[in-house]
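# Coordinate analysis (summary)
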Amino acid sequence: MTGLSLDTVLPLVSVSATNEEKIAGLLALAAASPPLLNPDDPKALLQVHATLDYAYLRRLLKARGSSKKSTTDNGNGNENDDDAHSYMHQVALTVLAALATHPEIASSSPVRESLLLVVQSAGTPVSATERSDAIDVLARLVQHRLPDVAAGILASAPPLAAAWAIATPQQKEMLHVIIVASVEACGARLPTLTPLLVRLRQSVSPSDKAAVADTATIRLMSHILDAVPAVVFIDDKTEEDDPLDLAPLITHPLRARGAPLDLHRRSLRLAAAAIPHYSSLLTRPASTWIVVAGAAAVDLAMQLDALDAACAIPRDLDALAAACVVLETQVSALAAGRVPLDNGPGGSEPGADALLTAWQRHAGVVLGAAGAWLAGFADLAVATDLTRNETPQDHRPEWLCPAVQAVARVVCQLLCEGDDDGDDTNDGQGSSDDDEDVLSPEAAKRSTGGRGVARTSSSARARPGRVARAVFPLVLALATTRPSSPSATETQEGQDVVAVPAMPWAAACLARLAASPSGRLDAAAQSQVAAALAHALHHVAAVPGWDTITHLSAALLTALLTTTDGDSSAASADRLARDVAGVAAAYTVAAPAAIAALAPAAAQTPQGREAATAAATVLAYACMALRVVVSAPVHATMTATADRDAATAVLGGVADFAEAAWASGLVGGAQEGDDDDLGNVLHLALDPTAEMVQRVPSVRALWRSVTDMRTRRSMLVSSSPSEAAVPEAFAREAQVLGLGPR
């Protein structure tokens, strides 16, 4: 059709036109040359939209979308009518696709009312051309990211799943983009998407080997779950069923011998996407747990072993991330006792011995491959001082990428959950009791009272001690560097973000390794950790990080308690004095929050206890370190102003915290809610303080000034003296220090 103008055609597609005129007008809009519907001419599109009889357009879509070949009374098919329906159906889709390029038209009520018919057209077993035309309409609509349009597409779950089932590979690629983009555009929640996911799941039967090979469907489900906010969880303690029945879909390819690698990895990818929504999905029964954990372990090791260059990064980062997420989740479930390690009905499930032996082997494979790979990055960490980043804008080096951090997180978790101190002195000659693997069946039963739930460790391939020694510099760097990520918090004035040091998982591993021969902190490392601890204390009010503070201070405390060389040289004392000064000054910033955590309302909450334990651990380190400092002759008289200021801050912090802890009832009593860990750490702070006050005159003088100041402050705040009773367990320290009711 040539020579037609829009002014000529518009009356033919209006509501008042006859059906024959509307057909002619639609044909002209669809086939005119040059085209009358040009995406670059929004004015023309809006004119057609304002005039078009959408009700008639929907009749054309409905006639084809629901029709089959019409038949006469004598049973003969009327193929001419069917061909006419097919042709006009394509014309209607062509016109709608052109109009859909305009965002205002795409969001209009007439177009939204046509969505279901378009989706039905894509799912009707007609010609591939007509299905492609319908999919093209949906693609043009989705590109505008309109929530109402996206929700309308997803609400058509049955025809949308039908369209996916009969689509060609190229059409599936387009539908994949359409569906995932719709989920993201409308912020759909899992309950809304369950009908679609159920139908997609039903199209992939684990008993049908041909269907299981449909990796496109598994990939689509993974990306849908990725796009959904993880706000719908299944409680680990309930027996609520998985509504999508994903566990068999995930585990069947992982169990099958000879399954293609792509299918294997797609299954792990689906597992990683589903875990945030169904936290118990792959932990019950035990056979499911070990299949998934073992598959993730083997796949991660394969990816790392395949790298032929030092510090090379795997190409398939999605596969690497999926293996790490799944492995971390499964290990956490085992450590938390959420995996039922007893025999199932009739002995159908593997017992604890068999499962733990299998996991011991898999964990060793992971530690061997990951430890060898991370060792190269640990060498880079030694050569790169990551703690010198003074501003959030200073980015970490390129090699410290998400892939390295993901694998390091897995290794840290395995090392944290293990009980091997890592001497490795008996390799090749049997293992001593100290080196016994915690995942051996006997050790597992002993450590858990016979329940068989044990923490993870390694196998013969890679002992934790060797791995820890190899990756320790990297763990230290990760635990003490300041992040350049958006995990920090923005100030109210909109100023620069506050960078918080220490990835919590790396700090936890650092505390664990610091207690082993392979992870002893030397003087330089102690100063590095002390600087990170001071930074965390400075910003704990802006970005809560009590757990990280506990781990960093525990690592420092362990380093002091395990030091046997008795180095009291002036250089060593000066270095430790600087460390203590930095931590003490930072603690004064965090002290109000720590004391507030011991208030009656907060003390019984997990967050309050976490803060209290962290503060007590910081004070224990500071007091222990201060005792070492004053033991050196050059510091015994505390003549330096910095030394006196640091000592005053530490002593005042101990006195305030001890009385607040006693008043909270959390320590030293016989109550059910007593926190033994907090009490033990508090003793580690009070014991060296009492010793210094008794033996070091300069400290005794500082203590008197601190207590006098506290007495005057309490008199100003309240006319009545403190009534905090001293628990019997702390009577000796309280008597020496003069703490308690005044």
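Since the structure is predicted, the reported quantities are computational estimates derived from the model, not experimental observations.

## Observations regarding the packing of aromatic side chains
- For the structure on display, the rule yields three aromatic pairs.
- On the basis of an interplanar angle of 70 degrees and a centroid distance of 5.6 Å, the ring pair of Trp 289 and Trp 359 is categorised as edge-to-face. Taken together, the positions of Trp 289 in helix α18 (residues 286-305) and Trp 359 in helix α20 (residues 352-383) put the pair 70 residues apart, joining distant regions of the chain. With respect to class, Trp 289 is no different from Trp 359; both count as buried.

## With respect to the nonpolar core
- Ranked by internal contacts, the top residues of the largest apolar core, which has 237 residues, are Leu 246, Trp 359, Leu 474 and Phe 657.
- Top contributing element to this core by residue count: helix α29 (residues 606-631), with 16 residues.
- Leaving out residues up to four positions away in the same chain, Leu 474 has contacts with Leu 374, Phe 377, Ala 378, Ala 381, Trp 399, Leu 400, Val 404 and Ala 408.

## Regarding the packing of α29 against helix α31 (residues 676-695)
- The N-to-C vectors of α29 and α31 enclose an angle of 25 degrees; their axes lie 8 Å apart at closest approach. The angle between α29 and α31 places the two elements in the roughly parallel class. In this structure, α29 crosses over α31, and the sense of that crossing is left-handed. Residues Ala 612, Thr 613, Ala 616, Thr 617, Leu 619, Ala 620, Cys 623, Met 624, Leu 626, Arg 627 and Val 630 of α29 form the contact with α31, whose own contacting residues are Leu 678, Val 681, Leu 684, Ala 685, Pro 688, Thr 689, Glu 691 and Met 692.

## A word on helix α13 (residues 190-202)
- Between its terminal C-alpha atoms α13 stretches 17 Å, which fits the 18 Å expected from 13 residues at 1.5 Å a residue.
- For α13, the principal kink sits at Leu 196 and spans about 35 degrees.
- Of all the residues in α13, the buried ones are Leu 190, Leu 193, Thr 194, Leu 196, Leu 197, Leu 200 and Arg 201.

## Some points on the confidence of the model for the protein
- Averaged over all residues, the pLDDT of the protein equals 78, while 76% of them reach at least 70.
- Here helix α22 (residues 441-447) stands out as the least confident element of the protein, with mean pLDDT 34; helix α6 (residues 103-106) is the most confident, with 95.
- Low pLDDT, under 50, characterises residues 65-77; the predicted model gives this stretch 11 contacts beyond four residues in sequence or across chains.

## Examining a nonpolar patch on the surface
- Residues Leu 261, Val 298 and Met 302 make up a contiguous nonpolar surface patch of about 240 Å² in total accessible area.
- Within the secondary structure, Val 298 sits in helix α18.
- For Val 298, a relative accessible area of 35% gives the class partly exposed.

## A look at the pattern of salt bridges
- Within the structure shown, the criterion is met by 13 salt bridges.
- Here Arg 695 makes a salt bridge to Glu 691, at a shortest N to O gap of 3.7 Å. A residue pair is termed a helical-turn pair when its members lie 3 or 4 positions apart in one helix, as Arg 695 and Glu 691 do in helix α31 at four residues.
- Connected via shared salt-bridge partners are Arg 627, Glu 691 and Arg 695.

What counts and how
- Residues numbered from 1 in each chain as written.
- Predicted model: local features only at pLDDT ≥ 70, side-chain atom pairs only at ≥ 80, totals over all residues.
- Heavy atoms only, no water.
- Phe/Tyr/Trp six-rings, centres within 6.5 Å; stacked < 30°, edge-to-face > 60°.
- Helix = DSSP H or I, 4+ residues; strand = E, 2+ residues; numbered from the N terminus.
- Buried < 20%, exposed > 50% of the residue type's maximum accessible area, 1.4 Å probe, protein only.
- Core = buried A, V, L, I, M, F, W, Y, C linked by side-chain atoms within 4.5 Å.
- Contact = heavy atoms within 4.5 Å.
- Axes fitted to C-alpha atoms, helices over the stretch in contact; angles between N-to-C directions.
- Parallel < 35°, antiparallel > 145°, perpendicular 65-115°, else oblique.
- Left-handed = near helix turned anticlockwise from the far one by under 90°.
- Expected span 1.5 Å × (residues − 1).
- Bend = angle between axes of the 7 residues up to and from the residue.
- pLDDT = per-residue confidence, 0-100.
- Patch = residues over 30% accessible without salt bridge, like charges linked within 9 Å, V, L, I, M, F, W, Y side chains within 5 Å.
- Areas by Shrake-Rupley, 256 points an atom, 1.4 Å probe, with all protein chains shown as cover.
- Salt bridge = Lys/Arg side-chain N within 4 Å of Asp/Glu carboxyl O.

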